[in-house]
Amino acid sequence: MGAAEQVDRTRARVFGEAAELYDAARPGYADALVTDVLAYAELGGRPAVEVGAGTGKATVLFAGRGVPLVCVEPDPRMAEVLRRNTGGYPQVRVESGGFEEWAADGREFGLLFAATSWHWLDPARRWDLVHDSLGPGGTVALFWNPHGVLDGGPYDELAEVDRKFGVENAPHGQRASFYGPEAGGGDRGWPEPECRRDGRFTDLRAVRYREEVWYETGRYLDFLASVSTYRVLPDERREGALAETARVLDARGGGIGMLRVNDLFLARRGA
C-alpha cells in the first residue's frame, strides 16, 4: 500500500468524529438523479446495496422510493446516525464494515450505488467487488456533488485563505465555469475510463445535474467543517481557516453563491 493510499484511508475514517455535523451540514442529491438511476436499473423488486452510506444522505432518497436496501458503512458512529435516519424504512438493513471486507454471501443485487464514496475504495479491487455483488444485468451507479464558486464570488480571496492554512481541495476550489455541460469533465477521478478498461460492464452513461445555491456564512462553515480536507487539519489550523473564511464571506454579503453539481455515472454488468 503506497503512501497516498495511506493518507486517503486516514481521511476516509475522519467523518465519524463529526457524524452529527456531517448529517446536518452535507448537501443531498437531486431527486432527478434518483429517478434516472431507478429508471435505468429497472429493479423490479430486486434489492440494492449502497457502499459507504454515511449518515444516509442518498439512502433515504432511495428508501423513500420503496427500494429494499443493504447499506454498508465502515464507521460505527456514522452507522449509528444512519440507523436513526432510516428507522422509518423497514426494508433498509445497515451492515457495519468496509466494503473491501464485506461479503454478499450469495446475495445478488440489482443495483449497487456509491454516493461520494467511490474514491475511498481500493482501486485495485473495487470493480471486482462491484461485479461480484451484482447479478447479471445489474446496475452500478456512482455519483457525487462537487461545487464551484459563481461568477463574482470570492474565489480569489478564499484561494488565498486556503494557501495560508494549507487547505487542499476545498469545495470552493473551482469556479463554476469549470463545470461545463458534460458529466465528469476535468475530473481525474471520473470512473468511466477505468470501467471501460475493466471490460465487464456495458451501456455506460453519464449525466450532470446543475443547481445554483446560496450558503449563508454559518451554514457554509459547517459544511466545510464536515469535509475530510478540513477534518485532517490540526485543530488550530482548521479553526484559523474557518475563521478567515468567515471573515471573507461576511465582507461579501454574509455568504457565498455556488453552483452545485451532481455527476452520475451508470453502467450495467454484463451477463
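Structure's up top.
Novice: Just to check I follow, could you spell out the overall build of the protein chain for this structure?
Specialist: A count of helices and strands for the protein chain gives 11 helices and 8 strands. Its C-alpha atoms give the protein chain a radius of gyration of 19 Å, near enough to 18 Å, the size a compact globule of 271 residues would have. Oriented by its inertia axes, the alpha-carbon framework of the protein chain measures out at about 55 × 40 × 35 Å. Counting only residues that meet the buried cut, the protein chain has 53% of its 271 residues in that class. Nonlocal contacts in the protein chain, meaning residues at least 24 apart in sequence, comprise 79% of its contacts between residues at least 6 apart.

Novice: In this structure, what is going on with the nonpolar core? I would like to understand it.
Specialist: Generally speaking, nonpolar side chains in soluble globular proteins are found buried as a group. Counting 28 residues, the largest nonpolar core has V37, F62, L69, L111, F113, F143 and L264 as the members making the most contacts within it. Top contributing element to this core by residue count: helix α3 (residues 31–41), with 6 residues. Apart from residues no more than four positions distant in its own chain, F113 is found in contact with A48, V49, E50, V51, A58, F62, L69, A141 and F143. Formed by 26 residues, the second largest nonpolar core is a distinct cluster that contains W102, L121, W127 and L204.

Novice: Quick question: what am I supposed to make of the pairing of strand β2 (residues 69–73) here?
Specialist: Strand residues, when the strand is regular, have side chains that alternate between the two faces of the sheet. Counting buried residues in β2 gives 5 out of 5 residues, a clear majority hidden from the surface. Side chains L69, C71 and E73 project from β2 onto one buried face, and the interleaved V70 and V72 project onto a second face that is buried too. One ladder, built from 4 bridges, connects strand β1 (residues 48–51) with β2; its direction is parallel. Residue pairing in the sheet places V51 in a bridge with V72 of β2.

Novice: Where do I start with the packing of aromatic side chains in this structure?
Specialist: Aromatic ring pairs are described here by two measures, namely the spacing of the ring centres and the angle between the planes. Evaluated as defined, the whole model comprises 14 aromatic pairs. Here F62 and F113 contribute two aromatic rings whose centre-to-centre distance is 4.2 Å and whose plane-to-plane angle is 20°, an arrangement assigned as stacked. With F62 in helix α4 (residues 59–63) and F113 in strand β4 (residues 109–115), the pair connects residues that are 51 residues apart, well separated along the chain. With centroids separated by 5.6 Å and ring planes inclined at 80°, the aromatic side chains of W144 and W190 adopt a geometry described as edge-to-face. Pair noted here: W144 is in strand β5 (residues 134–144) and W190 is in the loop between α7 (155–165) and α8 (192–198), with a separation of 46 residues, a long-range link. As far as the burial class goes, W144 and W190 line up, both buried. By the ring-pair criterion, three or more aromatic residues cluster together here, those being Y29, F62, F113 and F143. Positioned over the ring face of Y40 is R268, at 4.0 Å from the centre of the ring.

Novice: Would you mind going over helix α6 (residues 126–133) with me for this structure?
Specialist: In an α-helix, one turn spans 3.6 residues, which is why side chains three or four residues apart end up on the same side. Taking burial as the measure, the 8 residues of α6 include 6 buried ones, the bulk of the element. Taken as a whole, α6 has its buried residues at R126, W127, L129, V130, H131 and S133. Along its buried surface, α6 packs onto β4, β5, α8, β7 (201–216) and β8 (255–269).

Novice: Just to check I follow, could you spell out unusual backbone geometry for this structure?
Specialist: A negative phi angle characterises most non-glycine residues, just as the trans form characterises most peptide bonds. The backbone phi angle of D105 is positive, close to 50°, even though this residue is not glycine. Note on placement: D105 falls in the loop between β3 (92–96) and β4. The exposure class of D105 is exposed, given its relative accessible area of 65%. In this structure, D203 takes a positive phi of about 55° despite not being glycine. By the element assignment, D203 lies in strand β7.

The rules behind these values
- Residues numbered from 1 in each chain as written.
- Predicted model: local features only at pLDDT ≥ 70, side-chain atom pairs only at ≥ 80, totals over all residues.
- Heavy atoms only, no water.
- Helix = DSSP H or I, 4+ residues; strand = E, 2+ residues; numbered from the N terminus.
- Rg over C-alpha atoms; globule rule 2.2 N^0.38 Å.
- Buried < 20%, exposed > 50% of the residue type's maximum accessible area, 1.4 Å probe, protein only.
- Contact = heavy atoms within 4.5 Å.
- Core = buried A, V, L, I, M, F, W, Y, C linked by side-chain atoms within 4.5 Å.
- Pairing = 2+ DSSP bridges.
- Phe/Tyr/Trp six-rings, centres within 6.5 Å; stacked < 30°, edge-to-face > 60°.
- Lys NZ or Arg CZ within 6 Å of the ring centre and 35° of its normal.

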